[in-house]
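# Observations on the model geometry
This is what each chain is made of:
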Amino acid sequence: MAAIEPMNQFMIHKLVPLPPIEVPGLGTLDLSISNSVAFMLVSAGLIALFFLAAARRQVVPGRMQALAETLYVMVDGSLTGAVIGDRGRPFLPFVFTLFLLIAVMNLIGLAPGGFSVTAQLAVTATLAIMTFLTVIVVGFVRNGLGFFKLFWPPGVIWPLAVFIGFFEFVSFMIRPMTLAMRLFGNMIGGHVVMYMFASFVVGLGLFGLHGGLASLGFLGSGVSFAMVVALMALEFIVAFLQAFVFAALTCVYLNEVVNLDHGH
Amino acid sequence: MDVTAAKYIGAGLAMTGLIGAGAGLGILFGGYLQAAIRNPAAAAGERVWLFLGMALAESMGIFGFVMGFIILFVKV
């Protein structure tokens with residue numbers, strides 16, 4: 001019987017090996033097309049195709065256009081509009097792109113034979129650091145050095161304000177880590193749990209073949225199979241929800257720097 | 001004690017972080033449902049904050065989970 005190795009599904013292997021490239025200042029970079037890169041390209045291609053199909057701009061929308069409009073209105077209305085307000089409009093493309101890319105990468109990992117790109121910490125960390133740097137740049141551009149007011153609680157005596165400000169600063173700096181870990185942990189957790197229950201289906205079924213009292217194993221196998229189906233449904237919700245949460249947290253972080261002196 | 005045994009025990013102990021995440025999520029959704037049933041008209045507008053709170057409460061559990069994985073799979 002094959003060994004049960006839940007982490008093997010996250011292994012990266014090269015599909016198209018390319019020669020490593022020397023970049024001055026960065027060292028040697030391996031730009032081979034791995035399965036992770038391939039599935040990222042597929043996700044990006046799917047999104048591009050989706051928008052090509054959806055961009056008919058008819059007055060009475062077809063199915064694709066209706067779906068695209070629903071997603072767009074959801075991000076515009078309940079994320080940038082509700083969280084940041086009117087000043088959030090310029091950030092709508094960024095947030096919408098993040099949301100769509102993460103959602104498609106999560107969902108493609110659930111397809112049979114799919115590779116879950118968002119279960120790689122490198123991918124989620126890149127997205128999180130990009131968001132973090134965007135927040136810092138927007139903060140300095142909009143507020144100048146007033147950006148540091150973000151850490152200064154108003155209406156508090158100064159010894160306490162220094163103390164609170166320190167913790168505000170720490171919680172600000174830890175944000176990219178929490179963003180990356182949340183998406184990574186959710187994806188890897190869901191896939192490992194599904195793998196474990198799927199291995200129970202096979203393992204208990206084989207055990208049930210011994211006959212006698214061991215045929216109770218078939219019962220456990222059936223229960224595990226029902227569990228896999230239920231987990232699959234849950235994972236579809238989680239895949240969508242985590243993309244939504246990532247976009248929503250991006251909005252909350254942007255809101256703090258965009259509406260710094262207005263208290264939205 | 002054997003290092004491998006200690007690793008497994010540590011990974012199991014790291015999972016206790018999920019107790020807090022579970023309790024927090026229960027309180028969160030319970031509170032949201034109570035409020036939503038009392039005032040259904042206002043429920044839709046607060047759903048973003050519900051999911052945000054869910055993400056924040058859940059992230060603590062996820063940290064415990066990731067710690068468990070680091071203990072198990074990272075070679076030192």
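What you are looking at is a predicted structure, and each value in this text was computed from that prediction instead of being measured.

Analysis parameters
- Residues numbered from 1 in each chain as written.
- Chains lettered and ligands numbered in written order.
- Predicted model: local features only at pLDDT ≥ 70, side-chain atom pairs only at ≥ 80, totals over all residues.
- Helix = DSSP H or I, 4+ residues; strand = E, 2+ residues; numbered from the N terminus.
- Buried ≥ 20, exposed ≤ 12 C-beta atoms within 10 Å, placed from the backbone.
- Contact = placed C-beta atoms within 7 Å.
- Nonpolar A, V, L, I, M, F, W, Y, C, P; charged D, E, K, R; others polar.
- Expected span 1.5 Å × (residues − 1).
- Arc of directions from axis to C-beta.
- pLDDT = per-residue confidence, 0-100.
- Bend = angle between axes of the 7 residues up to and from the residue.
- Core = buried A, V, L, I, M, F, W, Y, C linked by C-beta atoms within 7 Å.
- Axes fitted to C-alpha atoms, helices over the stretch in contact; angles between N-to-C directions.
- Parallel < 35°, antiparallel > 145°, perpendicular 65-115°, else oblique.

## Brief notes about the overall build of chain A
Counting secondary structure elements, chain A contains seven helices and four strands. Across chain A, helices and strands are ordered from the amino to the carboxyl terminus as β-β-β-β-α-α-α-α-α-α-α. Dimensions of chain A, computed from the C-alpha atoms along their principal axes, are close to 75 × 55 × 45 Å. Within chain A, buried positions represent 25% of all 264 residues. Within chain A, contacts between residues separated by at least 24 positions form 62% of all contacts whose residues are at least 6 apart in sequence.

## Section: the overall build of chain B
A tally of regular secondary structure across chain B gives three helices and zero strands. Mapped in sequence order, the helices and strands of chain B form the string α-α-α. For chain B, the residues scored as buried account for 11% of the 76 residues in total. Residue pairs at least 24 apart in sequence account for 94% of intrachain contacts in chain B once pairs closer than 6 positions are excluded.

## Re the interface of chain B and chain A
Accessible area lost on assembly of the parts is the figure often given for the size of an interface. Residue-level contacts link ten residues of chain B with 16 residues of chain A. Its residues assigned to classes, the side of chain B that touches chain A comprises nine nonpolar, one polar and no charged.

## Looking at helix 1 (residues 35-54) of chain A
All names here are of chain A. Between its first and last C-alpha atoms helix 1 spans 28 Å; for 20 residues at 1.5 Å apiece the expected length is 28 Å, and the two agree. For helix 1, the full list of buried residues reads Ser36, Phe39, Met40 and Ser43. For helix 1, the arc enclosing every buried residue in end-on projection is 105°, short of the 170-degree limit, so these residues lie on one face. Away from its buried face by more than 90 degrees, helix 1 exposes Leu41, Gly45, Ala48, Leu49 and Leu52. Check the buried side of helix 1 and you find it contacts strand 4 (33-34) and helix 3 (92-110).

## Observations concerning the confidence of the model for chain B
Residues and elements named next belong to chain B. Confidence in the prediction for chain B averages 87 pLDDT; 99% of positions are at 70 or higher. The least confident element of chain B is helix 3 (residues 47-73), whose mean pLDDT is 84; the most confident is helix 2 (residues 17-38), at 93. Interface predicted TM-score (ipTM) for the complex: 0.76; the corresponding pTM is 0.86.

## Focus on helix 3 of chain B
Under the 1.5 Å per step criterion, the end-to-end length of helix 3 of chain B is 37 Å for 27 residues, consistent within 8% with the ideal 39 Å. Approximately 30° is the largest bend angle found in helix 3 of chain B, and it occurs at Ser59(B). Along helix 3 of chain B, the residues classified as buried are Ala55(B), Glu58(B), Ser59(B), Gly61(B), Ile62(B), Phe65(B), Val66(B) and Gly68(B). On the buried face of helix 3 of chain B, the contacting elements are helix 6 (175-208) and helix 7 (216-258) of chain A together with helix 1 (3-14) and helix 2 of chain B.

## Digging into the nonpolar core
Formed by 45 residues in total, the largest nonpolar core has its most connected members in Phe99(A), Ile102(A), Phe246(A), Ala247(A), Ala248(A) and Cys251(A). Going through the elements one at a time, helix 1, helix 2 (63-84), helix 3, helix 4 (121-143), helix 6 and helix 7 of chain A together with helix 3 of chain B are the ones with two or more residues in this core. If you tally residues by element for this core, the top one is helix 7 of chain A, at 13 residues.

## Regarding the packing of helix 2 of chain B against helix 3 of chain B
All names here are of chain B. Packing of helix 2 against helix 3 brings their axes to within 7 Å, and their N-to-C directions diverge by 170°. Between helix 2 and helix 3, the angle is such that the two are roughly antiparallel. Contact residues: helix 2 offers Gly17, Leu18, Gly20, Ala21, Gly24, Leu25, Leu28 and Tyr32, while helix 3 offers Leu50, Gly53, Met54, Ala57, Glu58, Met60, Gly61, Phe63, Gly64 and Phe65. For the contact of helix 2 with helix 3, the class distribution of residues is eleven nonpolar, six polar and one charged.

## Examining the environment of Val37(A)
Within the secondary structure layout, Val37(A) lies in helix 1. A C-alpha to C-alpha distance of 9.4 Å links Val37(A) and Ile12(A), two positions 25 residues apart in sequence.

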